[in-house]
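Below, each chain spelled out in residue letters.
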Amino acid sequence: MSFIVKYSYFLLLYPIFVLWYVVSQDSSEHFMPERLIFLHSLLFSFAYFIPFKFIKSAYLIIIYLLSLVVIFFEAGYVHLYKDELTSSVVFILLETNTSEASEYLQVYFTAPIVRLLLIFLIPSLFILFWVVRAIYRYPKSSYGDDFNRLRKLIFNLKKNTNQLKPNLAKRIYGYLSKHSIFFRRMISAGFFLLATLIYLNAGHFRHHILYELYDGYEQYQQEIKKYSDFLGNSEKSPFISSVLKDDNSQNKTLLIIIGESTTRHHMGIYGYYRNTTPNLKALGEHVLLFNDVISPHSHTIESLEKVLTFGSTASPEDKYKGTIIQLAQAAGYKTYWISNQSPIGLYETLLTMIAKTADLSYFTNMGSHTEKESYRKESYDEKLFPFIENALKDSEPKKIIFVHLYGTHALYSARYPKNFEIFKDNPRTDYPSERAIDAINTYDNAVAYNDYVVSHIINLLKQHSHKEDKNQLIYFSDHGEDVFQSMNFEGHTESVGSYPMFEIPFIYWTNQPKVLKAYSKYKNRSYMIDNFIYSVSDLLDIQFEGRDDTKSLFSPYYVPQERIVKRSIDYDKEIKP
């Protein structure tokens, strides 16, 4: 044991090898252990130059604990999402508020993660204890004595077997041993600096999680600035500046409901075996279901920045040409944004920046509640009803109302009141477990409550519709969710990207039966909502330079396009079941 304590410095690399193992088991991504081994060896070896034992031990404890936290975070991410952590994940982190983070931990801090934490933590505490003990118990000279004895043993073996003369290493060591400690430390410092330069020149630091986090933060700040610039200067966009005012005397209202984390595979109206959508089903032929619509991403911000702007998977930079709100305002529509999602993450979110350009914006959930039950109560989507009704009562002849739901976002059990605890039996799944049963039941309850919310909003619009007006409603979700459907997993992530995470509901309602009948022949079109802005401009007949009806789901000129997700994967060829 004394030998282990004395040379416990080498055990400081233990977390890296645990990460290496996790990556080899849970990810197909290439992983370079040398990026971490080399870096952390440099960090730990710097302690050699610290003369005071207290400062040296404090330095090693701080560096080791920080590295332990960072490496565990990366290992946990890889274990959950089967992919390497990248800077794009930082966008999601910065868009997340404390309430969402709390719910996320409740969902994913499960037994496997706890086991992984213990695997990291328990040995690491022993290692730290041993290292500190070694610092105080063994002087530096004792390590030199050990090395000298080992050197003599090796040279004696060589001499006895091969009669070899002392090699270069022996002569160098003999030379160094004759000089002062200061000189030896200068030599060591030179090697330390050289190793550092080699590491930086190799560029391995770009793959380190800390660099990824820093790089992601920098990209996020640049994105915030770009959004701020183009949101405040819409006249610079040829698309927005060329919009023609809608001088038609007919009153028009378009109500766009944006759901959250709702896959159509858990909706009864789309063939799910449970009747999770009785209210929408009761509307029958008065609503039109589109059967093959997907989201471009499996995360909110990446999906909605395409939905709400001219940006698309094929042309992402077009998002700086304008938003759907700017387009509507230029055409003479009054715009509303009514949201039950918190407007603040660590910073004001990109989505919030777009939302606040509406003529009127309301956020009913500020995410500031400390009481869990209070927060749940405040987050129910029915809280939006009075705001929606007031917007519908507005005498403005032309308006677009955006309603952003909390939908079926995890934590599922927090998305609905107790009277919607409908499903309690064992659901169908290929991955039966207590966790899976609970997740599926609570998710289906959330879908049932979401059905009540969406159908109620449809009925509100119906009540405020006059025959001579043209009122329309679209409901879709920003992305889907896989709840132990295609894999032993609960949630949504781009790295996994299973089909339930992309396949979303898309529902249309109008008070014009002829229009509904005309569009019904399009219900089986394959469509991705990154071109949603062109569908809206078609529905409202907004004329502008750049309008492209081949990208509108409702146009007779629609041309199906490749649906590329996860950067380069053709959804229909590689993911669609």
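Reading the values: the criteria
Residues numbered from 1 in each chain as written. Predicted model: local features only at pLDDT ≥ 70, side-chain atom pairs only at ≥ 80, totals over all residues. Heavy atoms only, no water. Helix = DSSP H or I, 4+ residues; strand = E, 2+ residues; numbered from the N terminus. Buried < 20%, exposed > 50% of the residue type's maximum accessible area, 1.4 Å probe, protein only. Contact = heavy atoms within 4.5 Å. Patch = residues over 30% accessible without salt bridge, like charges linked within 9 Å, V, L, I, M, F, W, Y side chains within 5 Å. Areas by Shrake-Rupley, 256 points an atom, 1.4 Å probe, with all protein chains shown as cover. Salt bridge = Lys/Arg side-chain N within 4 Å of Asp/Glu carboxyl O. Pairing = 2+ DSSP bridges. Axes fitted to C-alpha atoms, helices over the stretch in contact; angles between N-to-C directions. Phe/Tyr/Trp six-rings, centres within 6.5 Å; stacked < 30°, edge-to-face > 60°. Lys NZ or Arg CZ within 6 Å of the ring centre and 35° of its normal. Core = buried A, V, L, I, M, F, W, Y, C linked by side-chain atoms within 4.5 Å. pLDDT = per-residue confidence, 0-100. Polar contact = N/O pair within 3.5 Å; in protein donor to acceptor, adjacent residues only side chain to side chain. Expected span 1.5 Å × (residues − 1). Parallel < 35°, antiparallel > 145°, perpendicular 65-115°, else oblique. Left-handed = near helix turned anticlockwise from the far one by under 90°. Nonpolar A, V, L, I, M, F, W, Y, C, P; charged D, E, K, R; others polar.

It is worth spelling out the overall build of the chain at this point. Assigned secondary structure in the chain consists of 23 helices and 13 strands. In the chain, which comprises 577 residues, the proportion classed as buried is 53%. Expressed as a percentage of contacts within the chain between residues at least 6 apart in sequence, the contacts between residues at least 24 apart total 78%.

Attention now goes to a nonpolar patch on the surface. Taken together, the side chains of L118, L121, I122, L125 and F126 make up a nonpolar region of the molecular surface, amounting to roughly 450 Å² of accessible area. Summarising the element assignment, L121 is placed in helix α7 (residues 111–137).

A few words now on the environment of N419. Within the element layout of this structure, N419 appears in the loop between β6 (398–404) and α19 (434–463). Relative accessible area serves as the criterion here: at 60%, N419 is assigned to the exposed category. The sequence separation of N419 and N445 amounts to 26 residues, and the corresponding C-alpha distance is 9.7 Å.

Attention now moves to the sheet that holds strand β10 (residues 506–510). Two pairing modes exist for strands in a sheet, parallel and antiparallel, and in both the strands are linked by backbone hydrogen bonds. Taken in spatial order, the seven strands of this open sheet run β2-β10-β7-β1-β6-β4-β5, and their pairing is mixed. If you trace the sheet from one side to the other, it starts and ends with β2 (287–290) and β5 (360–363), each paired once. The mean angle between the axes of side-by-side strands here comes to 15°, regardless of whether they run parallel or antiparallel. Taken together, the five bridges between strand β7 (residues 470–477) and β10 define a ladder with antiparallel strand orientation. When the bridges of β10 are listed, L473 appears paired with W509. Seen against the sheet, helix α18 (residues 385–393) touches β1 (252–259), β4 (334–339), β5 and β6 and runs at an angle of roughly 170° to β6. Strands in contact with α19 are β1, β2, β6, β7 and β10; relative to β7, the strand with the most contacts, it is inclined by about 170°.

As enumerated under the stated definition, the model contains 32 aromatic pairs in all. Judged by centre distance (5.0 Å) and plane angle (50°), the rings of Y519 and F554 are tilted. Highlighted residues: Y519 in helix α21 (residues 513–520) and F554 in the loop between α22 (532–539) and β12 (564–565), separated in sequence by 35 residues. For the pair Y519 and F554, a shared accessibility class is recorded, and that class is buried. Among the aromatic side chains, those forming a connected cluster through ring pairs are F290, F476, F506, Y508, Y519, Y522, Y527, F532, F554 and Y558. The side chain of R415 reaches across the aromatic face of Y406, ending 4.1 Å from its centre. For the cation-ring pair, R428 lies above Y273, with the distance from its terminal atom to the ring centre recorded as 4.0 Å.

This part covers the nonpolar core. Here is a general trend for soluble globular proteins: nonpolar side chains tend to be buried in one another's company. By size, the foremost hydrophobic cluster in this structure holds 57 residues, and its most contacted members are I256, L308, W337, F476, F506 and F532. With residues near it in sequence (within four places) discarded, W337 still touches I258, L308, I325, L351, A355, A358, L360, S361, Y362, F363, F402 and H404. Among the nonpolar cores identified, the runner-up in size contains 49 residues, and M267, I269, L392 and A410 belong to it.

Looking now at the pattern of salt bridges. Here the structure, examined in full by the defined rule, presents 14 salt bridges. Note that R274 and D425 form a salt bridge whose closest N and O atoms lie 2.7 Å from each other. Note that R274 is positioned in the loop between β1 and α13 (278–282) and D425 in the loop between β6 and α19, a separation of 151 residues in sequence. Classification of R274 by relative accessible area gives buried; the value is 5%. Between D541 and R547 there is a salt bridge, with its nearest N and O atoms 3.0 Å apart. Relative accessible area serves as the criterion here: at 46%, D541 is assigned to the partly exposed category. Residues joined in a network through salt bridges with shared partners are D292, R563, D572 and K576.

Further remarks concern the confidence of the model for the chain. Per-chain confidence: the chain averages 84 in pLDDT, with 78% of residues scoring 70 or above. Below a pLDDT of 50 lies the segment residues 368–377, which in the model reaches 13 contacts outside its immediate sequence neighbourhood of four places, other chains included.

For S312, the position within the fold is in the loop between α14 (300–307) and α15 (324–330). Polar side-chain contacts of S312 include one of 3.0 Å to the backbone nitrogen of S315. Setting aside residues up to four positions removed in sequence, S312 forms contacts with K306, D530 and N531.

Next up on the list: the pairing of β10. Most of β10 sits out of view: five of its five residues are buried. Alternating positions in β10 separate into two faces, F506, Y508 and T510 on one and I507 and W509 on the other, with burial throughout. Bridge count between β2 and β10: four bridges; the pairing is antiparallel. Directly across from V287, in β10, lies its bridge partner W509.

Time to look at helix α4 (residues 53–81). Here α4 is 29 residues long and its end C-alpha atoms lie 42 Å apart, about the 42 Å a rise of 1.5 Å per residue gives. After α4 finishes, the residue K82 shows a positive phi value of roughly 55°.

Here H297 is to be found in the loop between β3 (293–294) and α14. On the basis of relative accessibility, which here comes to 12%, the residue H297 falls in the buried class. At 2.8 Å, the side chain of H297 and the side chain of E494 are in polar contact. Those residues in contact with H297 that sit more than four places away from it in its chain are E302, S303, K306, D478, H479, E494, M501 and F502.

You can see R435 is positioned in helix α19. Remark: the alpha-carbon pair of R435 and F484, spanning 49 residues in sequence, is separated by 9.6 Å. Of the polar contacts made by the side chain of R435, one reaches the side chain of E490; its length is 3.2 Å.

One can describe the packing of α4 onto α7 by two numbers: an axis separation of 10 Å at closest approach and a directional angle of 165°. For the element pair α4 / α7, the angle class is roughly antiparallel. You can see that α4 and α7 cross each other, and the crossing is right-handed. Its residues placed into classes, the contact of α4 with α7 shows 22 nonpolar, four polar and two charged.

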